[in-house]
Amino acid sequence: GENVEQHPSTLSVQEGDSAVIKCTYSDSASNYFPWYKQELGKRPQLIIDIRSNVGEKKDQRIAVTLNKTAKHFSLHITETQPEDSAVYFCAAPQTPLSGGYNKLIFGAGTRLAVHP
Amino acid sequence: DARVTQTPRHKVTEMGQEVTMRCQPILGHNTVFWYRQTMMQGLELLAYFRNRAPLDDSGMPKDRFSAEMPDATLATLKIQPSEPRDSAVYFCASGPGQTLNTEAFFGQGTRLTVV
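In this report, the structure presented in the accompanying data block is examined.

1. Overview of the overall build of chain A
No. 1: When helices and strands are counted, chain A shows 0 helices and 11 strands.
No. 2: By principal-axis analysis of the C-alpha atoms, chain A measures approximately 45 × 30 × 20 Å.
No. 3: A burial count over chain A gives 45% of its 116 residues as buried.
No. 4: Counting contacts in chain A only where the partners sit at least 6 residues apart, residues at least 24 apart contribute 55% of the total.

2. Quick notes on unusual backbone geometry
Excluding glycine, a negative phi dihedral is what most residues carry, and trans is how most peptide bonds are arranged.
No. 1: With an omega of -5°, the peptide bond running from A:His7 to A:Pro8 counts as cis.
No. 2: Mapped onto the fold, A:Pro8 is located in the loop between β1 (4-7) and β2 (10-14).
No. 3: Residues B:Thr7 and B:Pro8 are joined by a peptide bond in cis, for which omega reads -10°.
No. 4: Relative to the elements of secondary structure, B:Pro8 occurs in the loop between β1 (5-7) and β2 (10-13).
No. 5: Phi is positive for A:Glu79, close to 45°, though the residue is something other than glycine.
No. 6: With respect to the element layout, A:Glu79 can be found in the loop between β8 (72-77) and β9 (86-94).
No. 7: Look at A:Glu79 and you get exposed, because its relative accessible area is 53%.
No. 8: In this structure, B:Asn51 takes a positive phi of about 50° despite not being glycine.
No. 9: Structurally, B:Asn51 can be placed in the loop between β5 (42-50) and β6 (53-56).
No. 10: Owing to a relative accessible area of 47%, B:Asn51 belongs among the partly exposed residues under this scheme.

3. Thoughts on the sheet that holds strand β8 (residues 74-79) of chain B
Residues and elements named next belong to chain B.
No. 1: Read across the open sheet, the 4 strands follow the order β1-β3-β8-β7; overall the sheet is antiparallel. The strands lining the two open edges of the sheet, one partner per strand, are β1 and β7 (65-71). Each adjacent strand pair in this sheet contributes to an overall mean axis angle of 20°, direction not counted.
No. 2: Across 5 bridges, strand β3 (residues 19-24) lies against β8 in antiparallel orientation.

4. Examining the sheet that holds strand β6 (residues 56-59) of chain A
Residue and element names in this part refer to chain A.
No. 1: Spatially, β1-β3-β8-β7-β6 is the arrangement adopted by the 5 strands of the open sheet, whose pairing is antiparallel. Of all the strands in the sheet, the pair left with one neighbour each is β1 and β6. In this sheet, neighbouring strand axes are inclined to one another by 15° on average, regardless of whether the strands run parallel or antiparallel.
No. 2: Both β6 and strand β7 (residues 62-67) contribute to a ladder of 4 bridges, which runs antiparallel. Following the sheet pairing, Lys58 is matched in β7 by Ala63.

5. Quick look at the packing of aromatic side chains
No. 1: A complete count under the given rule lists 13 aromatic pairs over all chains for this structure.
No. 2: Each ring, one from A:Trp35 and one from A:Phe73, has its centre 5.6 Å from the other, and the planes form 65°; the classification is edge-to-face. On the criterion of sequence distance, the pair formed by A:Trp35 in strand β4 (residues 32-38) and A:Phe73 in strand β8 is long-range, its members being 38 residues apart.
No. 3: The exposure class of A:Trp35 is buried, given its relative accessible area of 0%.
No. 4: Consider the rings of A:Phe89 and A:Phe106, whose centres lie 6.4 Å apart with planes at 85°: the pair is edge-to-face. In this pair, A:Phe89 sits in strand β9 while A:Phe106 sits in strand β10 (residues 103-106), placing the two residues 17 residues apart along the sequence. Neither A:Phe89 nor A:Phe106 differs from the other in exposure class; each is buried.
No. 5: Put simply, the rings of A:Tyr36, A:Phe89, A:Phe106, B:Phe33, B:Tyr35, B:Tyr48, B:Phe91 and B:Phe106 pair up and form one aromatic cluster.

About the thresholds
- Residues numbered from 1 in each chain as written.
- Chains lettered and ligands numbered in written order.
- Predicted model: local features only at pLDDT ≥ 70, side-chain atom pairs only at ≥ 80, totals over all residues.
- Heavy atoms only, no water.
- Helix = DSSP H or I, 4+ residues; strand = E, 2+ residues; numbered from the N terminus.
- Buried < 20%, exposed > 50% of the residue type's maximum accessible area, 1.4 Å probe, protein only.
- Contact = heavy atoms within 4.5 Å.
- Pairing = 2+ DSSP bridges.
- Axes fitted to C-alpha atoms, helices over the stretch in contact; angles between N-to-C directions.
- Phe/Tyr/Trp six-rings, centres within 6.5 Å; stacked < 30°, edge-to-face > 60°.

So, in structure tokens, the structure goes:
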């Protein structure tokens, strides 16, 4: 299958709180799970990624966790700051049901707003 | 600082006109993607190439869209004829690996408006 679902679509938090965004995927063969941040009017940029041989990866205030059994992965941002406000996208390589090469499919995005 | 370069950054055109968007991937990158971004559909994969060969273009309306890589330094996306529903931001991205298990580096996008 080729489906990556992302929740929530919008998230509003107070500065200093944590934010969690979750994605589920359908292709059990997927083994790479990146997260991209897109600020208003700019390009998506990779902020963190995880491969299927680990369950968690951290980089300062951001972390990603992966549950291969349940086929979901999550982005965690701690001590949020106003500059974290952006749209966040998850992605995963997915194999089409119709066959052929796998594709890098993006979730629908989460608009995060961090209020001072 | 290597970057994916897209031209033009903005394009306004009348319905029915041909539109050509260009992308220069990062030198040495083997995989090139074209994505379309709209508020309603998010980031949709239109086509992608590996070593200049098209691997998948099932996301493109075949009757009006075409994607090519005439050489390793240039990828093009053409729309002919353009329609108002094609209005979107078109991103090109490139990746260094032979698989999809690496970072995709995005260009700044071409904002297309078809009136």
